[in-house]
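Observations on chain architecture
The primary structure of each chain is shown beneath.
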Amino acid sequence: MGEDGRLTAVVALAQGMAAAHTPRESWRAAALGACRALGGSFAALSVWERELGRLRVLVNVGNRAQGEEEFPGDETYPVHQFPEITEFLHERWVAGGEPNAWVETAEGPAAGQPGYCHQRVAALRRRGRGCCVVAPIVLNGRAWGELYVARSAGVPVFDRGDADFATVLASVVAAGLAQSERLEEARRLAFTDALTGLANRRAVDVRLEEAIERHRDQGGVVSLVVCDLNGLKHVNDTRGHAVGDRLLERFGSVLSLCGAMLPGALAARLGGDEFCLLVVGSPADDVVKAADELCRRAAELELGEGVACGVASTEDPIGPVRSARRLFRLADAAQYQAKAVRADRPVVAGREGEDDPVVRLADAEPSGEGAVERRRFRGRLP
């Protein structure tokens, strides 16, 4: 590949990573771009998990050998099997050199010998590959992981020029990973409550809309538990907002713990003293059981006065649920009912027979107004 071809390949790799919407897409774009740029048959991207002392493979692309998954769940290798990721790089940097890529073949090291090769050579032979080029990825001044590109046996092996080009590609990948991490952190912050670390209202709205759309198309149970933490204002007024924040954090932990009883539940703080659990797929009775446990644990908190808890589930007799808004209104109405009667257990929409007061309240439409909104529930309770 000439200089123009390599420049085009670098641009394509960078554009592929920039267009990625998730970390997985970014990893795949990096590996595929490098594989094509270097004329490889296979490529992988791995991260060095320092705290666990291992290289973890994030993605495998190209002609995968038996047992190699595209996004492996547990393909890891002890770093001591590949000490060049630590010792070799460190020695290079101490000597003032750069973390350049190197080539190894099924016969042993080729261009850019790092001094360690036995595990990689064995892997090449075992998987029917003739050579590989390994490029360290450096992010924020530290070794982050490696880019690995291999060619099949019987084709020309990588040379020094390929190793130098792989070093360039690794730097492009590092820039793309840094951008991806920044975007992922921004997304995380956009959907996370800063005080409790739970999801926020925006995250609930997005997930609930998706869940209700699937419910309309395919069926399946969608449930919502809405909670109002009692006594927060009194704590703020008498003991200060720092103590009130501690109560919110503590209840957030309890909500997270109870949510863990339900596979895939999303625990969230809606704002102020309002929290919720969004549950998809679990039976309504299991959701009510978790909500009951939440009420019990909230009542045992050192601060506060327990929690008012309402539940609405598409599995209960609440009528058709064609919008996320209606399920929210039902759960809100149940929660306000629980607060009005000072219930120490959850109130569940649809479980009081045909003329269920919660369903009636949620679906009421005052003259000249739209469907009852959350702020209008107060004062309309029986």
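One can find the structure itself at the top, above this paragraph.
Not measured: the values here are computed from a predicted model.

Time to look at the overall build of the chain. A tally of helices and strands in the chain yields 11 helices and 12 strands. Counting over 382 residues, the chain shows a buried share of 50%. For the chain, the computed accessible surface area is about 18,500 Å², with 49% contributed by carbon and sulfur atoms.

On to the nonpolar core, then. Membership of the largest hydrophobic core comes to 40 residues, with the highest contact counts inside it found for Leu-45, Val-133, Ile-137, Leu-147, Leu-169 and Val-173. Listed by contribution, the elements that provide at least two residues to this core are α1 (3-18), α2 (23-37), β1 (42-49), β2 (54-62), β6 (129-139), β7 (142-152) and α5 (160-190). No other element matches α5, which puts 10 residues into this core. Counting 32 residues, the second largest nonpolar core, distinct from the first, contains Val-226, Ala-312, Ala-334 and Val-347.

Attention now moves to the pairing of β6. Extensive coverage of β6 is indicated by the burial of 10 of its 11 residues. Here strand β4 (residues 102-105) runs beside β6; their pairing, made up of 4 bridges, is antiparallel. Among the inter-strand pairings, Trp-102 is bridged to a residue of β6, identified as Val-134. Where β6 folds back onto β7 in an antiparallel hairpin, the turn is made up of 2 residues, including Asn-140, whose phi is positive at roughly 55 degrees.

Bringing α5 into the picture now. One turn of the α-helix equals 3.6 residues, which is why residues spaced by three or four share an orientation. Given a rise of 1.5 Å per residue, 31 residues ought to cover 45 Å, and the 45 Å separating the end C-alpha atoms of α5 matches this to within 8%. With a side-chain oxygen lying 3.1 Å from the backbone nitrogen of Gly-161, the N-terminal cap of α5 falls on Asp-159.

Quick notes on the rules
- Residues numbered from 1 in each chain as written.
- Predicted model: local features only at pLDDT ≥ 70, side-chain atom pairs only at ≥ 80, totals over all residues.
- Heavy atoms only, no water.
- Helix = DSSP H or I, 4+ residues; strand = E, 2+ residues; numbered from the N terminus.
- Buried < 20%, exposed > 50% of the residue type's maximum accessible area, 1.4 Å probe, protein only.
- Areas by Shrake-Rupley, 256 points an atom, 1.4 Å probe, with all protein chains shown as cover.
- Core = buried A, V, L, I, M, F, W, Y, C linked by side-chain atoms within 4.5 Å.
- Pairing = 2+ DSSP bridges.
- Expected span 1.5 Å × (residues − 1).
- Polar contact = N/O pair within 3.5 Å; in protein donor to acceptor, adjacent residues only side chain to side chain.

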